[in-house]
Amino acid sequence: MPDVTCIRLGVSSQGTLHLTTHHFIFRESQTKRETWICYPMIAHVERRQFTTGASAFSTSSIRIRCKDFTFLSFNFVSDQHCRDAFESIMKLTCVNSVTKLYAFMYKPGSLERKQPNGWRLYDPAKEYERMGCFEGERPAWRVTKINEDHTFSPTYPSYIVVPAAISDTVLNYGAKYRSKSRFPALSYYHRFNKGSITRCSQPMVGLKQNRSVQDEKMVSAIFCSTQTPGVIGASSQENLIVDARPTTNAMAQTALGAGTENMENYKGAKKVYLGIDNIHVMRESLNKVVEALRDGDISSLPPNREILHKSNWLKYLSIILDGAVLIARQVHFNFANVMIHCSDGWDRTAQLSGLAQIFLDPYFRTFDGFIVLVEKEWLAFGHRFAERSGHLNSEKHFVQRSGSDNNQGVSDVFSNVSNRLVKQSHVKYTSPVFHQFLDCVYQLLRQFPNRFEYNERFLRRLLYHLYSCQYGTFLYNNELERKQAHVEELTHSVWEYFLARRGEFINKDFDRKHEESLNEAEERILLPDTQRLKWWPELYGRTEQEMNRVHVEQKHDLQSPGVRSQQVVTPPPVQRKDSQKHRDHHQQKHHQQVQKNDLSPRRSWEDPAGSSDPLSSSLQGMHDHKATRLEFPRTHIQPHTNTSTLYTTSEDEDPYTGNSQPDETSLTEMNNKPSKLTQEESLSQDANPEESTIQPQEVEKEQEQQEVAEKLDPKVYASFNTMTLDSDPTPAVSTRRFF
């Protein structure tokens, strides 16, 4: 189709649009540059026709949004060409069988054919031997063949490691108590202290509070696998059952015949709820992100910051990372065993288990190790890639609109779309679960840039090929479906693509020898700061400044006038009249309020006792309760305490990212001050002005500031004192800000 105008990020170019069997290609007329888009990558297509009544002027366009956040708009001179292109793209995108996807016809180049067989890179026997779970005269773990032909648990792998003390007979009865027969199986063995991470699905408790003695015996055998007399740390062992769901969701499953563990039947362990929402909430969150970027084809403007904030995408990433940090700390520092599950154990469970293993084991931070991790935790244990990714697409994502004076376009919508929505309920279960996992790994790369062998582009290209359907790795939901479809014989593995281009995905700052020389007890484990998350600008095709709201200033070296100016990236200042004076007064008032109400401005995850260990604080209440709900993060606030001062933004703080450059009286330094003052200490400070924290000149400065403040309009001054980062005038309990 000639004379087509392509618009991307507000830049237009003339060219020709070609439609092939598996791609549509736009070739620019002047530069001869080609843009290839595979049909499974398409997420949404909208066709529009604009006319001006009796005028002869008419133009038609197709706007395309891709799953890799590519936004394109094509303008056609002829409406017939536009209609033909729209219908052809819809027919080629919405196929009724996986075998019609590009992977079954793709022929790799010579560079990929020279690589090792990607389907053989992961050997479960070698991987579990590498972890060391079979070492010793009497190993605590064994391999079971109960699911060798996938008849026992169709969504589980054929190679499963279970406690050596549990027979297949006990497994046979105990698995019936777990949803989809996904019984507890070993996922990771921590060689350092023999701790373990096991995964399973929710128990079938139901309204009758059913129980299974065999399931309780399996869990007990897992938790007893590290009880070695005389081992340092064994006495402080805190075995943990992690329910990734919110408490209300877990309890609601009871009415459907499932639910969560009754901890009275599982002795020697505690349980926590992580509060990670389900796939539907995550899908809507990503839709909000897309809405903030939706004009990326016709406009070069930055994303809508308000909509990005309302998406809560970074908040959900933080909750997932908080849970993974809890699991890793529990295994490494408390010599414990952790059992993870959500509902069916193939979405949130895979996220938590995979991230915790990256924290604990440096092997999974290498190029080859990450491939093994994805094969083991996501592919072998049955994450539903086909269902979550929506490879077959749906015709409801193809919309026709009309801008004419009549309602002719309405009939097009009903005739072409409404009658085709039958039997397309599979799109209901699409969700960016694996996308979230890769985004969490990106946060690690950002915080620890020299601790990973692979780079950011590796993660981005992996997400691209999740949707491209060029390789057979992510086309099916579990190991059994891949065997039945003979994907190893009919398609190629995505790892062959990465191995053929290994140099492009290697982090140049990674030092393997230095990583191996680190102390195994303390230095090899990675624990990220979950409050310092950023948007992934490369993934969304945007700049760092557009996504993370950084302010670029020109810094000149006055001593060297001939030297080129340097760009310094700092958060943008908040424009506010007399901000310096009001800030000093406001922070001083907050400090007095802290002493009055005995409220310490600790970080949001610190416990009331002032401990900086998030794990100890989260497990503090477990000694008094059988199950504890974790809320990440919480600030312990006394009742009837005015918390509005906790939200005040300083002049150097970015209201979007929450990053700040604290001055001498910032709240950051106040974290190190004692939160409680005894009566004697308080009296001694008031009695001795030389030892008082407020000097006489500071008192005079405060009085001067107070006089200036009193001259202001009372309403303005009151609104300033109650200014928060949230639009709601009532401050929330949590001081955590996600943007």
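Not measured: the values here are computed from a predicted model. (Residues numbered from 1 in each chain as written. Predicted model: local features only at pLDDT ≥ 70, side-chain atom pairs only at ≥ 80, totals over all residues. Heavy atoms only, no water.)

Peer 1: So what exactly am I meant to see when it comes to the overall build of the protein chain here?
Peer 2: Along the backbone of the protein chain there are 26 helices and 18 strands. Here the protein chain holds 739 residues, and 52% of them are scored as buried. Of the contacts made within the protein chain by residues no fewer than 6 positions apart, 73% connect residues no fewer than 24 positions apart. With an accessible surface of roughly 35300 Å², the protein chain has 49% of that area assigned to carbon and sulfur atoms. (Helix = DSSP H or I, 4+ residues; strand = E, 2+ residues; numbered from the N terminus. Buried < 20%, exposed > 50% of the residue type's maximum accessible area, 1.4 Å probe, protein only. Contact = heavy atoms within 4.5 Å. Areas by Shrake-Rupley, 256 points an atom, 1.4 Å probe, with all protein chains shown as cover.)

Peer 1: Help me understand the environment of M251, please; the structure alone is not making it clear to me.
Peer 2: Considering the arrangement of structural elements, one finds M251 in helix α6 (residues 247–252). Linking M251 and L207, residues 44 residues apart in sequence, is a C-alpha distance of 10.0 Å. With near-sequence residues (within four places) excluded, M251 lies in contact with T260 and Y273.

Peer 1: Even after reading the chapter, I still don't get the packing of aromatic side chains, so can you show me in this structure?
Peer 2: Geometry of an aromatic ring pair is reported as the spacing of the ring centres plus the angle between the planes. On inspection of all chains with the given rule, the structure shows 36 aromatic pairs. Taking 4.7 Å as the distance between ring centres and 70 degrees as the angle between the ring planes, the aromatic pair formed by F69 and Y540 counts as edge-to-face. Of this pair, F69 sits in the loop between β6 (58–66) and β7 (71–76) while Y540 sits in the loop between α19 (512–517) and α20 (544–548), and the two are 471 residues apart along the sequence. Side by side, F69 and Y540 carry an identical accessibility label, which is buried. Positioned above the aromatic ring of F364 is the side chain of R130, whose terminal nitrogen or guanidinium carbon lies 5.3 Å from the ring centre. Sitting over the ring of Y464, R461 keeps its end group 4.3 Å from the ring centre. (Phe/Tyr/Trp six-rings, centres within 6.5 Å; stacked < 30°, edge-to-face > 60°. Lys NZ or Arg CZ within 6 Å of the ring centre and 35° of its normal.)

Peer 1: Sorry, what's going on with helix α10 (residues 348–360) here?
Peer 2: An α-helix turns once per 3.6 residues; consequently, residues spaced three or four apart project the same way. Its 13 residues place the ends of α10 18 Å apart at the C-alpha level, agreeing with the 18 Å of an ideal helix rising 1.5 Å per residue. Within α10, 13 of the 13 residues are buried, leaving the element largely enclosed by the surrounding structure. (Expected span 1.5 Å × (residues − 1).)

Peer 1: Is there a simple way to explain the pattern of salt bridges in this structure?
Peer 2: Within the structure shown, the criterion is met by 32 salt bridges. For the salt bridge of R401 with E46, the shortest nitrogen-to-oxygen distance reads 3.6 Å. On the criterion of sequence distance, the pair formed by R401 in strand β15 (residues 398–402) and E46 in strand β5 (residues 42–51) is long-range, its members being 355 residues apart. Of the charged contacts, one joins R502 and D368 as a salt bridge, the two residues approaching to 3.3 Å between their closest N and O atoms. (Salt bridge = Lys/Arg side-chain N within 4 Å of Asp/Glu carboxyl O.)

Peer 1: Teacher, can you tell me more about the confidence of the model for the protein chain here?
Peer 2: Note: predicted coordinates in regions of low pLDDT should not be interpreted at a detailed level. The pLDDT averaged across the protein chain works out to 77; a share of 68% of its residues lies at or above 70. Taken as a whole, residues 53–57 scores under 50 in pLDDT and shows 4 contacts with residues more than four places along the chain or in a different chain. Across residues 711–739, where pLDDT falls below 50, the model places 60 contacts with residues more than four positions away in sequence or in other chains. (pLDDT = per-residue confidence, 0-100.)

Peer 1: Got a minute to help me understand the environment of P449 in this structure?
Peer 2: With respect to the element layout, P449 can be found in the loop between α14 (433–447) and α15 (456–468). When its relative accessible area of 45% is taken as the criterion, P449 is described as partly exposed.

Peer 1: It is not clear to me how the pairing of strand β3 (residues 23–28) should be interpreted in this structure. Could you clarify?
Peer 2: Working note: regular strand, side chains alternate between the two faces of the sheet. Burial within β3 is extensive, with 5 of its 6 residues counted as buried. Summarising the sheet, strand β2 (residues 11–19) and β3 pair through 5 bridges and their orientation is antiparallel. Note that in β3 the partner of T16 across the bridge is R27. Hairpin geometry of β2 and β3 is characterised by an intervening segment of 3 residues between the two adjacent antiparallel strands. Note: β3 against strand β4 (residues 34–38), 5 bridges, orientation antiparallel. Directly across from F24, in β4, lies its bridge partner I37. Joining the antiparallel neighbours β3 and β4 is a turn of 5 residues, in which K32 adopts a positive phi near 60 degrees. (Pairing = 2+ DSSP bridges.)

Peer 1: Where do I start with the side chain of Q351 in this structure?
Peer 2: The residue Q351 is located in helix α10 in this model. When its relative accessible area of 1% is taken as the criterion, Q351 is described as buried. Beyond its immediate stretch of four places on either side in the chain, Q351 contacts I320, W378, V433, Q436 and F437.

Peer 1: Would you take a moment to explain unusual backbone geometry for this structure?
Peer 2: Trans peptide bonds make up the majority, and among non-glycine residues the majority have a negative phi. For K32, which is not glycine, the phi dihedral falls at a positive 60 degrees. Mapped onto the elements, K32 comes out in the loop between β3 and β4. Despite not being glycine, H150 has its phi angle at roughly 65 degrees, a positive value. The buried category is assigned to H150, whose relative accessible area is 4%.

Peer 1: Got a minute to help me understand the environment of D344 in this structure?
Peer 2: Checked against the element boundaries, D344 lands in the loop between β14 (337–341) and α10. For the pair D344 and S201, spaced 143 residues apart in sequence, the C-alpha separation works out to 4.6 Å. Other than its neighbours up to four places away in sequence, D344 contacts S179, K180, R182 and S201. Among the polar contacts listed, one links the side chain of D344 to the side chain of S179, at a separation of 2.8 Å. (Polar contact = N/O pair within 3.5 Å; in protein donor to acceptor, adjacent residues only side chain to side chain.)

Peer 1: How do you make sense of the packing of α10 against helix α11 (residues 367–380) when you look at a structure like this?
Peer 2: Contact geometry for α10 and α11: axes closest at 10 Å, N-to-C directions at 150 degrees. One way to sum up the angle between α10 and α11 is to call them roughly antiparallel. The two elements α10 and α11 meet at a crossing, and its hand is right-handed. Judged by residue contacts, A350, Q351, S353, G354, Q357 and I358 of α10 engage F370, L373, K376, E377 and W378 from α11. By residue class, the composition of the contact of α10 with α11 is 5 nonpolar, 4 polar and 2 charged. (Axes fitted to C-alpha atoms, helices over the stretch in contact; angles between N-to-C directions. Parallel < 35°, antiparallel > 145°, perpendicular 65-115°, else oblique. Left-handed = near helix turned anticlockwise from the far one by under 90°. Nonpolar A, V, L, I, M, F, W, Y, C, P; charged D, E, K, R; others polar.)

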